[in-house]
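# Inside the fold
Each chain, written out:
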Amino acid sequence: MKIIVLPGDGIGPETMATTVEVLEAVSRRFDLGLELIHDIAGHESLKRHGSTVTPALLEKVRAADGLMLGPMATYDFKDEARGEINPSKFFRKSLDLYANIRPARTYPGMPARLGEFDLVVVRENTEGFYADRNIESGSSEMLITPDVVISLRRITRLCCERIARSAFELAMTRDKHVSIVHKANVLKIADGMFIDICHEVGQEFREVRVDDFIVDAMMAHVVRAPQRFDVIVTTNMFGDILSDLTAELSGSLGLGGSLNAGSEHAMGQAAHGSAPDIAGQNIANPFSLILSAGMLLGWYGQRKGLQSFLDANAAIEKTAAAAVAAHEATRDVGGTLGTRETGAAFVARLLSA
Ligand code: ATP
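Quick caveat: nothing in here was measured; it's all calculated off a predicted structure. What you see as residue numbers is a count from 1 along each chain, following the sequence as written. Local features in this predicted model are restricted to residues of pLDDT 70 or higher, and side-chain atom pairs are both shown and tallied only at a pLDDT of 80 or more, whereas totals for entire chains, interfaces and linings draw on every residue. The basis for every side-chain value is the complete set of non-hydrogen atoms in the structure, without hydrogens or water.

Before going further, it helps to spend a moment on the overall build of the protein chain. Scanning the protein chain from N- to C-terminus turns up 11 helices and 12 strands. Computed over C-alpha atoms, the radius of gyration of the protein chain comes to 20 Å, within 12% of the 20 Å expected from 2.2 N^0.38 for 353 residues, which places it in the range of a compact globule. Across its three principal axes, the protein chain shows a C-alpha extent of roughly 55 × 50 × 40 Å. The 353 residues of the protein chain split such that 55% are buried. When contacts within the protein chain are restricted to residue pairs at least 6 apart in sequence, those whose partners lie at least 24 apart make up 74%. Carbon and sulfur atoms provide 54% of the accessible area of the protein chain, an area that totals close to 15200 Å². As used throughout, the charge tally considers Lys and Arg to be positive and Asp and Glu to be negative, leaving His and the chain termini uncounted. In this description, the location of a charge corresponds to atom NZ of lysine, CZ of arginine, CG of aspartate or CD of glutamate. One way to put it: in the protein chain the 36 positive side-chain charges average out to a point 1 Å from where the 45 negative ones average out. A helix here means a DSSP run of H or I that spans at least four residues, while a strand means a run of E at least two residues long, and both kinds are numbered starting from the N terminus. In this description the radius of gyration comes from C-alpha coordinates, and the expected globular size is given by 2.2 Å times residues to the power 0.38. Categorising residues by exposure relies on relative accessible area from a 1.4 Å probe, with only protein chains included: less than 20% of the type maximum marks a residue as buried, more than 50% marks it as exposed, and the intermediate range marks it as partly exposed. We call two residues in contact when some of their heavy atoms are within 4.5 Å. Using the Shrake-Rupley algorithm and a 1.4 Å probe, accessible areas are obtained, with residue cover drawn only from the displayed protein chains.

Printed below as a string of structure tokens:
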């Protein structure tokens, strides 16, 4: 499997260096034959190539089997005409990575303030309120007068159907429960259609229990009793916000792995951003990126029918859980180690299991 590795900005270089060590170790242990191809995106690429991402890089990614994207300084990138393209949007849109899969679970050994839970947010990734990706060219956010802005939201049958299918297929491998999150009391037509399509797709998965929640009420439900949920399917913006909440409820944003998957390509990417406040201090939690790398291997294994890749993902998850339980981790999850030391301990544990 060929994986393009892009370290990114902020804490990205530190957490990606650790993730690369883990990928190399897991490749040895499970004989995966991983080929890691290192390149750049974000600020470094802007400096060197005049653009945060380039067409040549996209071609390399298309030719590879997977992409690991480090956190990017998205907030700094404002003007596409000056090469300041949001790399995350660029790959999600160019590779049609429509499903953002964001698991959140508690781990033994960490205080579970809300009790134990294990859920996955399945977030639509290619349209919704995201002005940078929901129209063919330009932006769907317009400055009408200096004091008036209009931002458009796009919801389509195709995108609703495919994200619903991803959620139901995932639920079949878990507790067979899908919760639809929406705002159909206000966005009656768009979210009404989203709910209807989710139920339509659900007809093909008779064993799966389905319920639905208005997004604002969902915030209360998920904080009150996250164990009520298994797979949560929702549109882009709601999923972005809800999945940060669920990652943080699990203990730390630093534990939030995530996969962006389409029908042909996939990209592992931590659920958090570039965290410039803690960059360069060797204190960032690398687990979110390591778990995302595991998810990428799992996606490839499923697609190609390769058990060794599924086993590698399971071993990464198991090692992360054991490391958190043993406090062999960074401060945000109750450990005392730095990013590099957490990575070294992770590799040792992975190889000795
Ligand atoms: P960006 O502008 O790139 O989104 P941000 O700092 O606004 O960056 P996040 O990167 O998501 O947003 O971080 C929010 C906070 O969560 C950070 O200030 C940081 O303290 C914490 N955090 C995020 N990721 C990690 C991590 N991997 N390890 C430890 N703490 C983290």
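Next up on the list: the site of the ligand. Residues in contact with the ligand amount to 14 residues; listed here are only the nearest, Gly273, Ser274, Ala275, Asp277 and Asn285. Here a nitrogen atom of the ligand and a side-chain polar atom of histidine 272 are 3.2 Å apart. Two N or O atoms form a polar contact when they lie within 3.5 Å of each other; inside protein one atom must be a possible hydrogen donor and the other a possible acceptor, and for residues adjacent in sequence the pair counts only when both atoms belong to side chains. One of the backbone N or O atoms of asparagine 285 is found 2.9 Å from a nitrogen atom in the ligand. Considering the ligand on its own, with 610 Å² of exposed area, one finds that the protein chains cover 67% of that surface. In this classification, Asp, Glu, Lys and Arg are treated as charged, Ala, Val, Leu, Ile, Met, Phe, Trp, Tyr, Cys and Pro as nonpolar, and every other residue, Gly included, as polar. Tallied by class, the residues present in the shell around the ligand amount to seven nonpolar, five polar and two charged. By convention in this text, a residue qualifies as near a molecule or strand provided that one of its non-hydrogen atoms is within 4 Å of it.

Here four bridges tie strand β1 (residues 2-6) to strand β2 (residues 35-38), and the two strands are oriented parallel to one another. Paired with valine 5 across the bridge in β2 is histidine 38. As a crossover connection, the stretch from β1 through helix α1 (residues 12-30) into β2 is right-handed. In short, DSSP must find at least two bridges between two strands for them to pair. For the handedness criterion, the strands are oriented away from the viewer, and a crossover whose path from the first strand over the helix to the second runs clockwise is classed as right-handed.

When a carboxyl oxygen of Asp or Glu is within 4 Å of a side-chain nitrogen of Lys or Arg, the pair counts as a salt bridge. Overall, the coordinates contain 18 salt bridges when judged by the stated rule. A salt bridge links arginine 102 to aspartate 244; the shortest N-O distance between them is 3.9 Å. In this pair, arginine 102 sits in strand β4 (residues 99-105) while aspartate 244 sits in helix α8 (residues 236-249), placing the two residues 142 residues apart along the sequence. Judged by its relative accessible area of 30%, aspartate 244 is partly exposed. Between arginine 174 and aspartate 230 there is a salt bridge, and its shortest N-O distance comes to 2.8 Å.

Only centres within 6.5 Å qualify two rings of Phe, Tyr or Trp (six-membered ring in Trp) as a pair; their planes then separate them into stacked at under 30 degrees, edge-to-face at over 60, and tilted for everything else. Under the counting rule described, the total for this entry stands at five aromatic pairs. Look at phenylalanine 168 and phenylalanine 205: their rings are 5.5 Å apart centre to centre, the planes differ by 20°, and that puts the pair in the stacked class. Of this pair, phenylalanine 168 sits in helix α5 (residues 157-172) while phenylalanine 205 sits in the loop between α6 (188-202) and β9 (209-214), and the two are 37 residues apart along the sequence.

Let us now look at the sheet that holds β4. With mixed pairing, 10 strands are arranged side by side in an open sheet as β2-β1-β3-β12-β11-β4-β5-β10-β8-β9. Two strands in the sheet have a free side with no partner beyond their single neighbour: β2 and β9. When the angles between neighbouring strand axes are averaged without regard to direction, this sheet yields 25°. Relative to the sheet, α5 contacts β4, β5 (118-124), β8 (177-182), β9 and β10 (231-234), its axis offset from that of β5 by approximately 165°. Each of β8, β9 and β10 is contacted by α6, which is oriented at about 170° to β8, the strand it contacts most. Note on definitions: angles span 0 to 180 degrees between N-to-C directions of axes, and those axes are lines fitted to C-alpha atoms, for helices only across the stretch in contact.

This brings us to the domain arrangement of the protein chain. For the protein chain, the assigned domains are domain 1 (1-97 + 288-353) and domain 2 (111-249). Domain start and stop positions are those given by an automatic or database domain assignment. The C-alpha centroid of domain 2 is placed 25 Å from the C-alpha centroid of domain 1. Simply put, the buried area is the total loss of 1.4 Å probe accessible area from both parts when two parts are fitted together. The junction of domain 1 with domain 2 conceals about 660 Å² of combined surface from both sides, 35% of it contributed by carbon and sulfur atoms. For arginine 162, the salt bridge goes to aspartate 96, with nearest N and O atoms at 2.8 Å. Counting the contacts that link domain 1 with domain 2 gives four residue pairs in polar contact (both at pLDDT 80 or more). Counted by class, the side of domain 1 that touches domain 2 contains one nonpolar, one polar and four charged residues.

Turning to its location among the elements, serine 27 is positioned in helix α1. The class for serine 27 is buried, based on a relative accessible area of 11%. Engagement of the side chain of serine 27 in a polar contact is seen with the backbone nitrogen of leucine 34, the distance being 3.0 Å. The residues contacting serine 27, other than those within four sequence positions of it, are Leu32, Gly33 and Leu34.

With that settled, the discussion passes to the side chain of asparagine 285. In this structure, asparagine 285 sits in the loop between β12 (266-269) and α9 (287-304). Judged by relative accessible area, asparagine 285 falls into the buried class, the value being 5%. Of note is the side chain of asparagine 285, whose polar atom sits 3.4 Å from the backbone oxygen of glycine 254. Within the structure, the side chain of asparagine 285 is placed 2.9 Å from the backbone nitrogen of phenylalanine 287, a separation counted as a polar contact. Apart from the residues lying within four places of it in its own chain, the contact partners of asparagine 285 are Thr15, Gly254, Leu255, His272, Thr330, Asp332 and Val333.

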